[in-house]
Amino acid sequence: MSDLTKIELKNLTDSNGVLLKDLLGGINKIFEIPLFQRNYNWTADNCKELYDDIIRSYELKTSHFIGIFIHYNSSVSSLKTSNVLIDGQQRLTTIMLLLCAIRDVTDNEALKKEINNNFIYNTNAAIKFRFKLKQNNYDNDNFEKVLGNKIESIQTKSKIYNNYSKFITWLSEDSNRINLEELLECIKRMEAVEIILRNENIENVQQIFEKINSTGQPLNAADLIRNYLLFTGNMQEQQELYNMWTCIERIVGVNNITQFVKSYTIRYSYEIITSRNIYSDFKKQFKSWNHKKILNDMLRYAVYYAIIEENTYYKYDSEYNVTEEKNDDKHINNTLKMLDALGTDDLIPLFMIMFDELYKNNKNKLDEILELILEFMIRYRVVQPSTGGGALQAKIYGIMKSIDDKSCPLTIKGIYAKLSSYDSDASRYPTDNQFMAHLKENMLAKNGRVLLYQFARRRNYEIMDFDQNVTLEHLMPQTIDPVKKEGKWWINNLGKSRYKEIQEKYTDCIGNYALLTRALNASISNGPWPNKRKEMLLKAFDSETRKVAEESKWNAKSIKDRNDKLSNEIRQYITGPKSDLKNGNKWLIN
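Residues numbered from 1 in each chain as written. Predicted model: local features only at pLDDT ≥ 70, side-chain atom pairs only at ≥ 80, totals over all residues. Heavy atoms only, no water.

Colleague: Which residues make up the overall build of the chain, and what values go with them?
Modeller: For the chain, the count of helices and strands is 27 helices and 10 strands. Across the 590 residues of the chain, 54% fall into the buried class. In the chain, of all internal contacts separated by at least 6 residues, the share reaching a separation of at least 24 is 72%. When the accessible surface of the chain is totalled, it reaches about 27,000 Å², and 45% of it is carbon and sulfur. (Helix = DSSP H or I, 4+ residues; strand = E, 2+ residues; numbered from the N terminus. Buried < 20%, exposed > 50% of the residue type's maximum accessible area, 1.4 Å probe, protein only. Contact = heavy atoms within 4.5 Å. Areas by Shrake-Rupley, 256 points an atom, 1.4 Å probe, with all protein chains shown as cover.)

Following this line, the structure appears as structure tokens:
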């Protein structure tokens, strides 16, 4: 009870110790799991631990404390109230699954009847409330099929069904050592603490919910935010908010909700948010907004987030039904894929602003600005002026704020000016000299892959989408094994006394990189140059790769010469800061 006393429940609630038979039993007693609660998520291990505790209590003839159950009353009709659970959902659901399993394995009709009448069904109740526990929308169909013993049409992959089946198995395995009538009596005697939130303190439900999150299986930030947004004393309003939330989940994907909420919050706060502070920062940012306004706004941005992250375009109607629409913006999609390959999660809030302003109104302008930002990020990743992300985040979030306060127009010239300005070297737009120097030195292969694709695209050479088939090849192999035949060829080709030095200096530089339409197998990739270049001609991505593959030899001089030539060409196509406009990148002057 230590966590609960911290929130002074005695001032908000009535509480008492009860036996499970009194908590769950009674005429027409209804428990309801609100829509703001997360779905049922107990694993088989959780269930086995509870089952073993109950069997131990049964064998020792002792009582077992099942935990704390917190609820408040919500009117169902003039004759009935629903006990809305805010803590104890997972345990109460699991206990009822166990009771159903006992009912369904026993041949004792009297035992079946007792379980159904006292713990499962509300006799003479309306169909909607015929069971004593009502799940949220996601779990209710499967749960009611177990309660009603109609599992032939249940979703067999659901946790509801899986855990019910586990209880069936365990009870069958233990049939020689337990008496089901006595086991039921043991379960009825389990002890609990029932805490009832007084109606005048309903507004404190979310506060209490947050405080008890340290018990049981902790909620993630998305769960907490969902609970925060969906809570209301009006169940009809809660249903609408729930429909809006599930619409967002379908658009961005359940597994992406936390990252989406983080990006959405940063879009308005312009501040760095750590994973542990997503929920608190979200509440702080939107404390003056009503929850329907927040969800409406989140829905709008969810559509753009799905395009940014998944290249998928969704629409939703007034009933929050979601449909996938055709997305044939090939150039924008490829730019977004390259940005993702560079690692640009910090830029997603900026992209959300850009898409919201331009996607439906001026897609060409959006395309241009995205490509400019891509080329800034290519230079930034190659040069790596900062090892951390703070300087880049501060730069990007500053641009977002300037767009919102209208001090920076959302045009290519406006964004270009902001990217070219800097407060420190760590946030500086890399110059031509910096860029060329780093192209000739060690650079990450994943950055080289993006760079060479964009270099080809800027020369109007885009034969395929930027996907996993676009492969970066090291012309001189990354691995030269002196034991193997192909390794010996490269050692002789590069020079026995210098091959290690050459490999260390030139393996990861632009002069030793080329794009292919699909990967070479390892024996060809590491093999002698005459064999390798023949295969490269067949899989060349562009004219630049074909030009290299036509070279009759490949050695240190070949790499150095290509380093110098290619780095100079690339810096003219991959846009640099305004200070370097005189040296190239003329496309921005107009």
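Moving on from the model shown.
Colleague: How would you explain the nonpolar core if you had to name every residue and give the values?
Modeller: Membership of the largest hydrophobic core comes to 114 residues, with the highest contact counts inside it found for Phe260, Tyr264, Met298 and Ile373. Once you skip the residues sitting within four places of it in the chain, Met298 turns out to touch Leu229, Trp245, Ile248, Phe260, Val261, Tyr264 and Phe282. Core analysis: the next-biggest nonpolar cluster, separate from the first, contains 49 residues, Phe31, Tyr40, Cys100 and Leu171 among them. (Core = buried A, V, L, I, M, F, W, Y, C linked by side-chain atoms within 4.5 Å.)

Colleague: Outline the packing of helix α3 (residues 44-60) against helix α7 (residues 159-173), supporting the account with residue identities and numerical values.
Modeller: Contact geometry of α3 with α7 gives a least axis separation of 10 Å together with a crossing angle of 40°. The pairing of α3 with α7 is recorded here as oblique in orientation. α3 and α7 meet at a crossing whose hand is right-handed. For the pair α3 and α7, contact is made by Ala44, Cys47, Lys48 and Tyr51 and by Asn163, Lys166, Phe167, Trp170 and Leu171, respectively. Looking at the contact of α3 with α7 residue by residue, the classes come out as six nonpolar, one polar and two charged. (Axes fitted to C-alpha atoms, helices over the stretch in contact; angles between N-to-C directions. Parallel < 35°, antiparallel > 145°, perpendicular 65-115°, else oblique. Left-handed = near helix turned anticlockwise from the far one by under 90°. Nonpolar A, V, L, I, M, F, W, Y, C, P; charged D, E, K, R; others polar.)

Colleague: Before we move on, can you summarise the packing of aromatic side chains with the specific residues and values?
Modeller: In the structure shown here, the tally under the stated rule is 28 aromatic pairs. Taken together, a centroid distance of 5.1 Å and an interplanar angle of 15° make the contact between Tyr264 and Phe286 stacked. Here Tyr264 is found in helix α12 (residues 257-269), whereas its partner Phe286 is found in the loop between α13 (278-285) and α14 (291-310), with 22 residues between them in sequence. For the residue pair Tyr264 and Phe286, the accessibility class agrees, reading buried in each case. On the numbers, 5.7 Å between centres and 85° between planes, the contact of Tyr268 with Phe286 is edge-to-face. Of this pair, Tyr268 sits in helix α12 while Phe286 sits in the loop between α13 and α14, placing them 18 residues apart in sequence. (Phe/Tyr/Trp six-rings, centres within 6.5 Å; stacked < 30°, edge-to-face > 60°.)

Colleague: Explain the side chain of Asn334 to me, using residue names and the numbers behind them.
Modeller: Residue position: Asn334 is located in helix α15 (residues 330-342). Within the local environment of Asn334, its side chain forms a polar contact with the side chain of Tyr453, the two groups lying 3.4 Å apart. (Polar contact = N/O pair within 3.5 Å; in protein donor to acceptor, adjacent residues only side chain to side chain.)

Colleague: Run through the confidence of the model for the chain, naming residues and quoting values.
Modeller: Of all residues in the chain, 89% have pLDDT values of 70 or greater, and the mean over the chain is 87. The least confident element of the chain is helix α1 (residues 2-5), whose mean pLDDT is 38; the most confident is helix α16 (residues 348-358), at 98. The low-confidence segment residues 1-13 (pLDDT under 50) makes 27 contacts with residues lying over four places distant or belonging to another chain. (pLDDT = per-residue confidence, 0-100.)

Colleague: How would you explain α16 if you had to name every residue and give the values?
Modeller: For α16, the buried fraction is high: nine of the 11 residues fall into the buried class. Of all the positions in α16, only Ile348, Pro349, Leu350, Phe351, Met352, Ile353, Met354, Phe355 and Leu358 are classed as buried. Those residues of α16 hidden inside the fold are in contact with α12, α14, α15, α17 (363-383) and α18 (390-404).

Colleague: Summarise the pattern of salt bridges; cite the residues concerned and give the values.
Modeller: It is possible for side chains bearing opposite charge to pair when their charged atoms get close. Tallying each qualifying case throughout the model produces 28 salt bridges. Asp356 is paired through a salt bridge with Arg300; the nearest N and O atoms lie 2.9 Å apart. Here Asp356 is found in helix α16, whereas its partner Arg300 is found in helix α14, with 56 residues between them in sequence. Note on Arg300: relative accessible area 32%, which makes it partly exposed. Its salt-bridge partner being Arg459, residue Asp542 comes within 3.0 Å of it at the nearest N-O pair. Of the two residues, Asp542 sits in the loop between α25 (529-538) and α26 (543-549) while Arg459 sits in the loop between α21 (445-458) and β9 (471-474), which places them 83 residues apart along the sequence. (Salt bridge = Lys/Arg side-chain N within 4 Å of Asp/Glu carboxyl O.)

Colleague: Which residues make up the pairing of strand β10 (residues 513-516), and what are the values?
Modeller: The two faces of the sheet receive side chains in turn, since in a regular strand these alternate between them. A two-sided burial pattern is seen for β10, the buried positions comprising Tyr513 and Leu515 on one face and Ala514 and Leu516 on the other. Relative to β10, β9 runs antiparallel, the two sharing four bridges. Bridging across to β10, His474 finds its partner in Tyr513. (Pairing = 2+ DSSP bridges.)

Colleague: So what's going on with unusual backbone geometry? Which residues, and what values?
Modeller: Positive phi, normally seen in glycine, also occurs at Asn149, with a value near 55°. Residue Asn149 is classed as partly exposed on the basis of its relative accessible area, which comes to 42%. Positive phi outside glycine occurs at Lys406, with the angle close to 70°.

Colleague: Quick rundown of helix α19 (residues 412-420)? Include the residues and the values.
Modeller: Looking only at α19, the buried set comprises Ile412, Gly414, Ile415, Tyr416, Leu419 and Ser420. Residues of α19 that are buried make contact with α17 and α18.

Colleague: Got a sec to walk through the side chain of Arg449? Specific residues and values, please.
Modeller: Its location among the elements puts Arg449 in helix α21. Of the side chains with opposite charge, Asp467 comes closest to the buried, unpaired Arg449, at an N-O distance of 5.8 Å. In this structure the side chain of Arg449 is engaged in a polar contact, spanning 2.6 Å, whose partner is the backbone oxygen of Val470. Not counting chain neighbours up to four residues away, the residues in contact with Arg449 comprise Ala341, Phe466, Asp467, Gln468, Val470, Leu472 and Leu515. (Lys, Arg positive; Asp, Glu negative; His and termini not counted.)

Colleague: Got a sec to walk through the environment of Val18? Specific residues and values, please.
Modeller: Within the element layout of this structure, Val18 appears in strand β1 (residues 13-19). Placed 176 residues apart in sequence, Val18 and Glu194 show a C-alpha to C-alpha distance of 6.6 Å. In this view, Val18 contacts Leu23, Met190, Glu191, Ala192 and Glu194; residues no more than four positions away in its chain are not counted.

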